[in-house]
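Results of the structural survey
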Amino acid sequence: MLLSVMGIDVAYGHAQVLSDVNLTVGVNETICIVGRNGAGKTTLLRTIAGFLAPKKGYVVFNDHNVQGQSPENMANLGVRYVYQDKRVFTKLTVKENIQLAAFPTNATDHEAIDTVVNIYPKISRFMDKKAGGLSGGQRQLLLLGRALIGSPKLLLVDEPTEGLAAGTIDEVCGVLESMKGKLSCIIVEQNLAVIARLADRVYAMRDGRIVSEVAERSQIEDRAQLESYL
Amino acid sequence: MLPPSHWSDTLRKYDLIIIAAIFLASIPVLSIQRTTDFIIFCVFVLGYDLLYGYMGRLSFGHMLYLGVGAYATALASEYLTHNPFLILIIAIAAGMLVGVILGPIIVRTTGACFALINLAFNQVGFFLVVTGFSHYTGGEDGLSAYFSKIGPINFGSKITVYVFSLLCLLATVFLVRRLTSSPFGILLRTIKENETRAKFLGYNTFRYKWAAFIISAGISALAGFLNILNYTYVTPSFMDPGRNVEVIFASLIGGAGNVYGAVVGGVSYMLISNYLPRYIQRWEMFLGIALLILVFRFRMGIWGYVTGLLVPTKREIAND
């Protein structure tokens, strides 16, 4: 297993948000997490990413207990987090946004730019423009491309298709699909068509707990079953 | 009209020559000592802008670092050496050392806390030079400094001080421009925009903020050294917390977060503070009004406004 989350409890002050959450992600496996708003999906990603420390339980990544590691250490271990709000560094150019992700890794600027251009060739036209001028879809593709710089091991993607047009959703899905078998992904997603397309396994969350694990292909494609968790 | 990228490339190529030419041309208008004053203030604004403009940390106590440089200069001249180049190194090192010591406490904070903690340390420094260490610093009376001749270089000559100050300004512009266009500078701007996300790209932002703080303190201390070179004495006014508004205003008026904005701001503030009092008795009131206009109408400062006219709008980008 690349990642094992074992019995973690997470709270914001006195408000318990995650309770006894267990989850595993294999090498090059794509996991989707579904659940209603407030189920604790983003909190789970933020805990794995090192933004929140669990009160109880362990997070084991690559055979190392990474509980309490800072976000920068997690990033250096090969974990990348693509935020839900598609916020890039708006005052930097597209190129600077890419360079920034390259500096802490061994990737050269050239390799970093190539990585992003490979998944979204049109971005090369905007390299010297401020990233704040990009559309939501372009930002999402930039963020995904940026997350791939430096050969990460695990990608945490929070609601990648939220608020995007149908054509752009297809483009984003295409990128995530192209990563399958190359690195591990945990994707928080509500769009069942996207889940059916991407997931190797699905975890359903409700009220801060994992309530179901779906591993059968036929069940992953059974919208009626997954819809009951939304 | 030339495209914006062409303007900025040309400016970047010849900026040091242009700045030198402007300050050379100002001598007949301003007098040599006043021009030197302008130059030194620009060095200070550049140091301040690294923190405020690039890293997004507003400090209400940057006079501390200028004062440390000034007092280190006078004290080194009094007790250690008269060699101006050795004193220069001592002054910058003293400013940076204060940055090294105070940085870990200060850079952990943000917003109002950052501003006020700097002010608090500035007050402590002011108290120490006026009262605590008055035996060494001369208290309210201050200290004189003397610089020996090094070969043909005589800092007793106003022309030499002017030339040396101008060289220091050009070196500072070059350094800040290189720093801010390097990965380090990009990261500082990222910290300003969203520090948490910078962390998740794998950066230990604390280390970078601390480094920027030390460099800023060092540049401010250089300005302090140049002031003493120009005036040959130091008084507590070089560390007066009440004067912090000068550098904040200059940074705002010129356009924070830009090397050229800092120089434009430094010159603009010095012009206002040197010439407006001739015509308006309570000239500080004008500063207040100007600040209001800046905040409501020209938030990017003079330089930001001018360059904004040359940059294409979002619609133009979309049509591209």
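Our subject is the structure that appears above.
**Considering the interface of chain A and chain B**
- Listed per partner, the contact involves 29 residues of chain A and 19 residues of chain B.
- Carbon and sulfur atoms make up 63% of the area that chain A and chain B hide from each other, which totals about 2,200 Å².
- On the chain A side of the contact with chain B, Glu72, Phe89 and Leu100 of chain A bury the most area, a combined 26% of that side's loss.
- Our enumeration of links across chain A and chain B arrives at two salt bridges.
- Here arginine 189 of chain B ties to glutamate 96 of chain A by a salt bridge, and the two come within 3.1 Å at their closest N and O atoms.
- Scanning the region where chain A abuts chain B turns up eight residue pairs in polar contact (both at pLDDT 80 or more).
- Of all the elements in the fold, those that place two or more residues in the side of chain A that touches chain B are helix H2 (71-77), strand E6 (79-82) and helix H3 (94-102) of chain A.

**Let's talk about the packing of aromatic side chains**
- Counted by the stated rule, this structure contains 23 aromatic pairs over all chains.
- One aromatic cluster in this structure is built from Phe85, Phe147, Phe155, Phe164 and Phe225 of chain B.
- Note that arginine 197 of chain B overlies the ring of tyrosine 83 of chain A, its terminal NZ or CZ placed 3.7 Å from the centroid.
- We note arginine 297 of chain B situated over the ring of phenylalanine 298 of chain B; from NZ or CZ to the ring centre the distance is 5.1 Å.

**What about the sheet that holds strand E1 (residues 3-12) of chain A?**
Residues and elements named next belong to chain A.
- Spatial strand order, E2-E1-E4-E5: four strands in an open sheet with antiparallel pairing. Both outer strands of the open sheet, strand E2 (15-25) and strand E5 (64-65), are each paired with one neighbouring strand and no more.
- Pairing between E1 and E2: seven bridges, direction antiparallel. Directly across from tyrosine 12, in E2, lies its bridge partner alanine 15.
- In this fold helix H1 (residues 41-49) packs onto E1 and E2, with an angle of close to 115° to the strand it touches most, E1.

**Description of a nonpolar patch on the surface**
All names here are of chain B.
- A contiguous nonpolar surface patch, about 740 Å² in accessible area, is contributed by Tyr79, Leu80, Val124, Phe127, Leu128, Phe133 and Tyr136.
- With three residues, the single largest contributor to the nonpolar patch is helix H6 (residues 111-132).
- Inspection of the secondary structure puts phenylalanine 127 in helix H6.

**Concerning the packing of helix H3 (residues 32-54) of chain B against helix H8 (residues 158-181) of chain B**
Residues and elements named next belong to chain B.
- Closest axis-to-axis distance for the H3/H8 pair is 9 Å, and the angle between their directions is 20°. When the axes of H3 and H8 are compared, the pair comes out roughly parallel. Here H3 and H8 pass one another in a crossing that is left-handed. Contact residues: Ile32, Gln33, Thr35, Thr36, Ile39, Ile40, Cys42, Val43, Leu46, Leu50 and Tyr54 in H3; Lys158, Ile159, Val161, Tyr162, Ser165, Leu166, Leu169, Thr172, Val173, Val176 and Thr180 in H8.

**Considerations on the pairing of strand E8 (residues 184-188) of chain A**
Residues and elements named next belong to chain A.
- Within E8, five of the five residues are buried, which leaves the element mostly enclosed by the surrounding structure.
- Burial along E8 is two-sided: Ser184, Ile186 and Val188 facing one way and Cys185 and Ile187 facing the other are all buried.
- As judged from the four bridges shared by strand E3 (residues 30-35) and E8, these two strands associate in the parallel manner. Among the inter-strand pairings, isoleucine 33 is bridged to a residue of E8, identified as valine 188.
- In this sheet, E8 lies alongside strand E7 (residues 154-158) in parallel orientation, the contact comprising five bridges. In the sheet register, leucine 154 faces E8, and the bridge partner there is serine 184.
- With helix H6 (residues 166-179) bridging E7 and its parallel neighbour E8, the resulting β-α-β unit is right-handed.

Reading guide: rules and limits
- Residues numbered from 1 in each chain as written.
- Chains lettered and ligands numbered in written order.
- Predicted model: local features only at pLDDT ≥ 70, side-chain atom pairs only at ≥ 80, totals over all residues.
- Heavy atoms only, no water.
- Contact = heavy atoms within 4.5 Å.
- Buried area = accessible area lost by both parts, 1.4 Å probe.
- Salt bridge = Lys/Arg side-chain N within 4 Å of Asp/Glu carboxyl O.
- Polar contact = N/O pair within 3.5 Å; in protein donor to acceptor, adjacent residues only side chain to side chain.
- Helix = DSSP H or I, 4+ residues; strand = E, 2+ residues; numbered from the N terminus.
- Phe/Tyr/Trp six-rings, centres within 6.5 Å; stacked < 30°, edge-to-face > 60°.
- Lys NZ or Arg CZ within 6 Å of the ring centre and 35° of its normal.
- Pairing = 2+ DSSP bridges.
- Axes fitted to C-alpha atoms, helices over the stretch in contact; angles between N-to-C directions.
- Patch = residues over 30% accessible without salt bridge, like charges linked within 9 Å, V, L, I, M, F, W, Y side chains within 5 Å.
- Areas by Shrake-Rupley, 256 points an atom, 1.4 Å probe, with all protein chains shown as cover.
- Parallel < 35°, antiparallel > 145°, perpendicular 65-115°, else oblique.
- Left-handed = near helix turned anticlockwise from the far one by under 90°.
- Buried < 20%, exposed > 50% of the residue type's maximum accessible area, 1.4 Å probe, protein only.
- Right-handed = clockwise from strand over helix to strand, strands pointing away.

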